[in-house]
Amino acid sequence: MDSAEKVIVFNSFEDLKQEIIRDRDTRDMLAQRYAVRFIMLNNFNEFKKLAKFMADIDVEPMDLENLISEGEDDEWITKDTLKDAIKSCNESTFVTPFSELVRFYNDDDFRGFFNEIMLLEDIHNPQKRIYVPLIGLQNRFTDFLNHFARIKESAPIWRYDAEAQSVEVFFAKFKDFTLPNGAVQCQLDSLREWLKFWKVQAPQKRIVCTSRPIAAKYKYSRPDNIFNFTRIENAHKFMTCFLDLNFPFEYKDADKVFWEDMLKHIDKSALSSFSFKSFVPAYFNRVKFDAGDIIQEWSDVENRAFDRWLLMNYILHTEFGEEYPYIRLCVDAIMDLTDANELIKMIATRIVYNVPANLREQYAEERRRVIVYNHMIFENVLVRSEQDWLFERTKEIFQESGDLHQAIDICTGIFDFEKKLLMGWYVYHPENKRLQKAIKDFYPDFDAYCLTKTPSHFDSSNQWVIEYIKQYKQAKMEDKYLPGINDIIKTKNASASSFYQWYYEFDSSHNLLAEMQSNPVYRPDKVFWIDGLGVEFLSYILYVIEQEKSNLKVVRSQITRSDLPSSTHHNRFEGENVAKFGELDELGHDSHGYRHFDTLREELQVIRKIIQEIVSTSKKEKCTVAIVSDHGLSCLSRKAPSKKYDGKFEHEGRYIKTSDDAISDSDYLVHLNESDGQKYKVALTHSSLSKIPTHQVHGGCTPEEVLVPFILLSNKDVASNVSYKIDAVGEDIMLSNPLVRLSIIPEPAGVSLTCEGKTYKMNRIGTHWTAELEGITEGSHFIEVKPDGAGGKEMKINVVGVSGNMDIDDMFDL
């Protein structure tokens, strides 16, 4: 006998009901022997009708979910637990929902279970029936029957085929979500929910089951005439197919764990308003994302690869990538999301690889903005070797293409190697307009260094010093002993006599400081001694002070001289109110020696830091401060032949102690230092007296060694007490060119001139102040000259229509 003969098929549900009643009441010995009745259905609507019918005929229900321990909703019901529960029934019972549990038993448990209950007997209760509905198990149960040896003697098996029903069941490990479109899909999170569902809500077209034991055992279920089981393999499919979420990029198997991580962080209460574009900023607790936010989050070592995966797809698949196409280009090339520094390195270096020519300038500008805005991150991440590589590659771009503009595009002004490149290019292309603009934009400190301003207190008869400073700066940048330097040194330092002639025309820095200290108006409350600060940096210091925009104003700027030898030992500043900064001098004596461009770059950095500290500490209270120096430094002795004199030389041969009977010659002068009473041979030129130096040196007689800045700053009301010396420049004021030229010492912050009711703001040109008078007539006129913060001074001028030989005292009646 096989299953086709054994199974009784009914054409209607009514016929099935009648057979159940007849079988219940029968006195047939075989029917009364075995208690279990299997009822095969293919429709959950018929199952519900059957459950109602059983209740109507007083059959007790057995709810299988009650076999699960309290508080353990996802506990599995084993075949033995189910078998024992069925065997323990003392009266007619309807087991529900039976098939929704046993379909997940493996083959051994499935066969073992049915083998034990098929022929279940209860001789004490012959009228007891155990009704077991089998929904959608037709194929698997029929296969069991065909292999069941005692099929012929077993209890009757009934089947009613209504209209076929199909149910899609998806297994997933993603819990605690309320699925949208509840009319066609639902989610069951535990075995208890799974078992209860079929009695109260089934049928449903699509069911998501996240019960862990069912997900683990669903592989044992077989395709049948109702259920189609599918595992949801990844979080992307769950979110797109079941949560109705949309994403602007495709799923990749390599990103599986990232999709699962994202699902964990999605706001389950706001699925309907989800968008990836808004999710990413919210995940990082930001309202919006700009490039700085992206850089900061990407480089945060506390963030994970998942966080960078979110950032990557945000950049590649939202409007952000359109706004920052260069960042998008860089992100698209990133392979390792675990490296917090990868994006930083890519942004810095990608520009030097092949990029579309029509986009290179746009990419370079975006790269520059990003690096400048996040300069601290880029400076910390890019190690020396990586910066060196960029340095060499940028040089190659210029050398290969000959296009300086293309190389300049790569510069941001942040990295030290860029500053070195800009300095180098400037040496050979000083007239290049694009380079000049780049230096102003990216390295304004170097631009300020290149300028040479005349200080406020300066005797125009020493104008050669201004020219020398310019020549020295150029020689320093070229790292060459230029003819202009040689010519001036040959003239000014030809002998002790020619040297002293200009040397003593400058005030001693110590004497000038003493003069200021004895003046109740200018007396400095603090003296800041910057060791090694030469006159070459005077203009740069004034620039940095101006940049600080503090309440401290420059009251006096002046070129002064050090005592000979121009060493720290012979030019110390003493006193309780003196604070020394030694970093600049230490840099000059660096054990690595002088390094072309690098040393100058570091000098500018050190000086800026010192001046900023001076301003920062002084502006907090009313005070006057003096900035002084003991000596300057020269890099050109490295480029001049040495003289090889005997004696105990100091500072790499810049001076040597000597006897009383020594006399000066063309290589050195013999100078008696008043402080220690010792005579010294002091090098007159850049040629040292022993060996060729490897560092910057001091101690000798060159202008860059002996001339030092003297700067007086104050936030007190000093200007009103300043006595200005105002002199006319030139002989005539011509009606055809009515330009008034004045020399005003000390240098004021600004000057106004009033003539015939009109007030003019005078312009500073070199050491002079000028203003062009408007609508002026020939003859005598009175003007009022008023330096900022000071009282006005009245002067009489004569305007002539033709050139004359008028005496200067007649023109300017002071």
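Data block above holds the structure.
Everything numeric in this text was worked out from a predicted model, so none of it was measured.

How each quantity is defined
Residues numbered from 1 in each chain as written. Predicted model: local features only at pLDDT ≥ 70, side-chain atom pairs only at ≥ 80, totals over all residues. Heavy atoms only, no water. Helix = DSSP H or I, 4+ residues; strand = E, 2+ residues; numbered from the N terminus. Rg over C-alpha atoms; globule rule 2.2 N^0.38 Å. Buried < 20%, exposed > 50% of the residue type's maximum accessible area, 1.4 Å probe, protein only. Contact = heavy atoms within 4.5 Å. Areas by Shrake-Rupley, 256 points an atom, 1.4 Å probe, with all protein chains shown as cover. Lys, Arg positive; Asp, Glu negative; His and termini not counted. Charge placed at Lys NZ, Arg CZ, Asp CG, Glu CD. Pairing = 2+ DSSP bridges. Axes fitted to C-alpha atoms, helices over the stretch in contact; angles between N-to-C directions. Salt bridge = Lys/Arg side-chain N within 4 Å of Asp/Glu carboxyl O. Expected span 1.5 Å × (residues − 1). Arc of directions from axis to C-beta. Polar contact = N/O pair within 3.5 Å; in protein donor to acceptor, adjacent residues only side chain to side chain. Parallel < 35°, antiparallel > 145°, perpendicular 65-115°, else oblique.

(A) Structural view of the overall build of the protein chain. A count of helical and extended segments in the protein chain gives 34 helices and 28 strands. Compactness check: the protein chain gives a C-alpha radius of gyration of 48 Å against a globular reference of 28 Å for 814 residues, more than 25% above the reference. In terms of principal-axis extent, the alpha carbons of the protein chain reach across some 150 × 70 × 55 Å. Here the protein chain holds 814 residues, and the buried ones make up 54% of them. Taking the contacts inside the protein chain whose residues are at least 6 apart along the sequence as the reference set, 73% of them involve residues at least 24 apart. In the structure as shown, the protein chain presents an accessible area of about 36800 Å², 46% of it carried by carbon and sulfur atoms. Looking at the protein chain, you have 100 positive and 129 negative side-chain charges, and the mean spots of the two groups are 4 Å apart.

(B) Structural detail: the sheet that holds strand 20 (residues 725-728). Taken in spatial order, the 4 strands of this open sheet run 20-22-26-25, and their pairing is antiparallel. Taken across any chain shown, the strands that pair with only one partner, and hence form the sheet edges, are strand 20 and strand 25 (763-765). Each strand of the sheet is rotated relative to its neighbour by a mean of 35°, with strand direction disregarded. Direction of pairing for strand 22 (residues 739-745) relative to strand 26 (residues 768-772): antiparallel, over a ladder of 5 bridges. Residue Ser 743 lies in a different strand from strand 26, and its bridge partner there is His 768.

(C) Looking closely at unusual backbone geometry. With an omega of -10°, the peptide bond running from Thr 96 to Pro 97 counts as cis. Position of Pro 97 relative to the elements: it lies in the loop between strand 4 (93-96) and helix 6 (99-102). Of note in this structure, Asn 285 is not a glycine but carries a positive phi near 60°. Its location among the elements puts Asn 285 in the loop between helix 13 (276-283) and helix 14 (291-299). Under the relative-accessibility criterion, Asn 285 is labelled exposed at 73%.

(D) The arrangement of the pattern of salt bridges in detail. One pass over the full model with this rule turns up 51 salt bridges. Here Asp 107 makes a salt bridge to Arg 140, at a shortest N to O gap of 3.1 Å. Within this pair, whereas Asp 107 is found in helix 7 (residues 107-117), its partner Arg 140 is found in helix 8 (residues 138-146), the two being separated by 33 residues in sequence. Take Arg 140: its relative accessible area is 6%, and that puts it in the buried class. One network of salt bridges, with partners in common, ties together Asp 416, Lys 420, Asp 590, Arg 595, Asp 598, Arg 601 and Glu 602.

(E) Structural view of helix 4 (residues 44-56). For helix 4, with 13 residues, the first-to-last C-alpha span of 18 Å sits near the 18 Å given by 1.5 Å per residue. When we look at burial in helix 4, the residues that qualify are Phe 44, Glu 46, Phe 47, Leu 50, Phe 53 and Met 54. All buried residues of helix 4 lie within an arc of 165° about the axis, which places them on one face of the element. Relative to its buried face, helix 4 has exposed residues pointing more than 90 degrees away, namely Lys 52 and Asp 56. One side-chain oxygen of the residue at the start of helix 4 lies 2.6 Å from the amide nitrogen of Asn 45, identifying that residue as Asn 43. A positive backbone phi angle near 65° is found at Asp 58, which sits one or two residues after helix 4.

(F) Spotlight on the side chain of Arg 556. Checked against the element boundaries, Arg 556 lands in strand 12 (residues 553-561). For the buried Arg 556, which has no salt bridge, the nearest side chain bearing the opposite charge is Asp 507, at an N-O separation of 4.9 Å. Among the polar contacts made by the side chain of Arg 556, one reaches the side chain of Gln 558 at a distance of 2.7 Å. Those residues in contact with Arg 556 that lie beyond four places of it in its chain are Ser 456, His 457, Leu 512, Met 516, Phe 710, Ile 711 and Leu 712.

(G) Region of the structure containing the sheet that holds strand 7 (residues 167-171). Strand order in the open sheet made by the 4 strands is 8-9-7-10, with parallel pairing throughout. Two strands lie at the open edges of the sheet, namely strand 8 (185-188) and strand 10 (227-231), each paired on one side alone. Within this sheet the neighbouring strands show an average axis-to-axis angle of 20°, counted without direction. Bridge count for strand 7 against strand 9 (residues 206-209) is 4 bridges, and the pairing is parallel. Across the sheet, Val 169 pairs through a bridge with Ile 207, a residue of strand 9. Along the sheet face, helix 9 (residues 191-200) touches strand 7, strand 8, strand 9 and strand 10 and points at about 140° away from the line of strand 8. Docked against the sheet, helix 11 (residues 235-242) engages strand 7, strand 8, strand 9 and strand 10, running at close to 145° with respect to strand 9.

(H) Examining the packing of helix 12 (residues 256-265) against helix 15 (residues 305-317) more closely. Two elements in contact, helix 12 and helix 15, have axes whose closest approach is 10 Å; the angle formed by their N-to-C orientations is 90°. Viewed along their axes, helix 12 and helix 15 adopt a mutual orientation that is roughly perpendicular. Across the interface between the two elements, Phe 258, Trp 259, Asp 261, Met 262 and His 265 from helix 12 touch Ala 305, Phe 306, Trp 309 and Leu 310 from helix 15.

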